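Below are the chains, spelled out letter by letter.
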There are 2 protein chains.
Amino acid sequence: MELFFSENTDGGLVRLDQEESTHCVRVLRHRVGDEIAVIDGRGTLYRCVLEDADPKGATARIVSGEPGFGSHPYHLTMAVCPTKNIDRFEWFVEKATEIGVDVIAPVIGERSERKVLKTERLERLVRSAAKQSLKGAIPLIAAPVSVREFILSAPSDALKMICYCFDGPKHTIAEVLSGGTGAPPESSGICILIGPEGDFSPQEAELALSRGWVPVTLGKSRLRTETAALVAVTQVYSAF
Amino acid sequence: MELFFSENTDGGLVRLDQEESTHCVRVLRHRVGDEIAVIDGRGTLYRCVLEDADPKGATARIVSGEPGFGSHPYHLTMAVCPTKNIDRFEWFVEKATEIGVDVIAPVIGERSERKVLKTERLERLVRSAAKQSLKGAIPLIAAPVSVREFILSAPSDALKMICYCFDGPKHTIAEVLSGGTGAPPESSGICILIGPEGDFSPQEAELALSRGWVPVTLGKSRLRTETAALVAVTQVYSAF
């Protein structure tokens, strides 16, 4: 099944932008009367009939809508320090979208080698990954902020976890999600923070702990930043 | 910590091949008397002192050995149909090595778009990934065989699971590993079979079931071949 994307779904009509219209009409050769499926990126899949096959701006009439299409039973925010090699971070973003994530928040740590990040490419990436993996909702790419800023601004009722390599007692993500650590499993959402190649600074880690973040371990293997982030997403996905 | 690789560890000496010697002496500028760490690819880490800094063939004396360095408490064989786009399969091989896998067996399904695979690149890949993620053992890359052949030749006492998209009762990998399905958790090893983009043929799936393979689900998300394979590795890794 080929999905199209449009945020323009008012008055029973879906309007495709030029890129989607060209793909629909020129590449896939859809004609007036054809059935097409469109996601609004907010969770709903619309089954439509093509009414205007204009390759610059096609229009389709909505026949039915399916809210929560391809959704998952949790709300996960992954706050991850972008890798020096951006391909590795983009790979994480694509795979996390396939498995199931709601917000990807690029965060810059004191020890991050990469201090700046353009999010345009990531937004294109999550859009195509969501369409490819049949999800009605497209993950939100948050604007990059510092690790410190992210820790201070995270919602107080979220289930917040931080992965770092320092010593000290740690739980597994499964333990935290099962409520075994006293943290509320019925929380408004899950938030996991993954540091840069050089790990967090001790100050960043201490700030998180002082704010009630739970230190978690992903297991014994030594994982790259992007691998650790994907293992965390998979462990949350597998717990539900 | 920088690891070197050598299978040549006889008589208390480690001999590095030309590539490793050049990296050790020319790139990292190690001198006679320097301590270096060498893995033998079979699970042991050797702490050595460089005795001959020949960039074409360096030699080091073994000071101590650490068997089971960076090992994991399971034996996992991942039999995966290589993707049409080989980058995606190579990505899986690298990430699976980081997380923890013992054998990667490329298998060709009746519906595989890719029918041939060169394994040289994969062998270089697992070697560098094992060194980078501090593991003494380098995963074995098996010679490609057909799905049918692989199913028929799999050890009878292994915990064998197959992931496919057909309907029917399925277990989770965690259920199978916990012995909840009657399969022996104390088995000699775990073997998971992942199909091609077009899934297995019904005949391949039936053959596996008739041979006692347990059908497993990885969850609700629609995953690409390489993502499904990595989710399976992560679920095994997380269960131990």
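Residues numbered from 1 in each chain as written. Chains lettered and ligands numbered in written order. Predicted model: local features only at pLDDT ≥ 70, side-chain atom pairs only at ≥ 80, totals over all residues. Heavy atoms only, no water.

This part is about the overall build of chain A. Each helix and strand counted, chain A has seven helices and 13 strands in total. Principal-axis analysis of the C-alpha atoms places the extent of chain A at approximately 65 × 35 × 30 Å. When the accessible surface of chain A is split by element, carbon and sulfur atoms take 50% of a total near 10800 Å². (Helix = DSSP H or I, 4+ residues; strand = E, 2+ residues; numbered from the N terminus. Areas by Shrake-Rupley, 256 points an atom, 1.4 Å probe, with all protein chains shown as cover.)

It is worth spelling out the side chain of Gln235(B) at this point. Along the polypeptide, Gln235(B) turns up in helix α7 (residues 225-239). Ignoring any residue separated from it by four or fewer positions in sequence, one finds Gln235(B) in contact with Ser238(A), Ile173(B) and Leu218(B). (Contact = heavy atoms within 4.5 Å.)

Our next topic: the pattern of salt bridges. Considering all chains together, one arrives at 30 salt bridges over all chains under this definition. Note that Glu110(B) and Arg148(B) form a salt bridge whose closest N and O atoms lie 3.7 Å from each other. Of this pair, Glu110(B) sits in the loop between β7 (103-108) and α3 (120-132) while Arg148(B) sits in helix α4 (residues 147-153); the two residues are 38 residues apart in sequence, bridging distant segments of the chain. According to the relative accessible area criterion, Arg148(B) is partly exposed, its value standing at 36%. Within the structure, one salt-bridge network assembled from shared partners comprises Arg88(A), Arg224(A), Glu226(A), Glu94(B), Lys95(B) and Glu98(B). (Salt bridge = Lys/Arg side-chain N within 4 Å of Asp/Glu carboxyl O. Buried < 20%, exposed > 50% of the residue type's maximum accessible area, 1.4 Å probe, protein only.)

A few words on the sheet that holds strand β1 (residues 3-5) of chain B. Residue and element names in this part refer to chain B. Within the open sheet, the five strands sit side by side as β1-β3-β4-β5-β2. Their pairing is mixed. The strands lining the two open edges of the sheet, one partner per strand, are β1 and β2 (13-15). With direction set aside, neighbouring strand axes in the sheet form an average angle of 45°. Pairing of β2 with strand β5 (residues 59-66), which is carried by three bridges, proceeds in the antiparallel orientation. Within β5, the residue paired with Leu 13 across the bridge is Arg 61. Contacts from helix α1 (residues 18-27) reach β1, β3 (35-39) and β4 (45-52), with the element oriented near 155° to β1. (Pairing = 2+ DSSP bridges. Axes fitted to C-alpha atoms, helices over the stretch in contact; angles between N-to-C directions.)

Residues and elements named next belong to chain A. Taken as a whole and assessed by the stated rule, the structure comprises nine aromatic pairs over all chains. Where Phe 89 meets Phe 92, the ring centres are 6.1 Å apart and the plane angle is 45°; that geometry is what we call tilted. Remark: Phe 92 and Phe 89 occur in helix α2 (residues 86-99); sequence separation between them is three residues, near one turn of the helix. Of the two residues, Phe 89 and Phe 92, neither departs from the other in class, the shared state being buried. (Phe/Tyr/Trp six-rings, centres within 6.5 Å; stacked < 30°, edge-to-face > 60°.)

With an RMSD of 0.0 Å, chain A superimposes on chain B once it is rotated by 180° and translated 0.0 Å along the axis. Such a turn and shift between the copies fits a two-fold axis. In this assembly the copies share their binding face: 100% of the residues contributing to the interface of chain A also contribute to that of chain B. (Least-squares fit on C-alpha atoms with pLDDT ≥ 70 in both.)

Across the boundary between the two partners, chain A contributes 25 residues, which contact 25 residues of chain B. Between chain A and chain B lies a buried interface of about 2200 Å² when both sides are counted; carbon and sulfur atoms form 47% of it. Summed over the shared surface of chain A and chain B, the number is eight salt bridges. Across the salt bridge formed by Lys95(B) and Glu226(A), the nearest N and O atoms sit 2.6 Å from each other. One can count 24 residue pairs in polar contact (both at pLDDT 80 or more) joining chain A with chain B. (Buried area = accessible area lost by both parts, 1.4 Å probe. Polar contact = N/O pair within 3.5 Å; in protein donor to acceptor, adjacent residues only side chain to side chain.)

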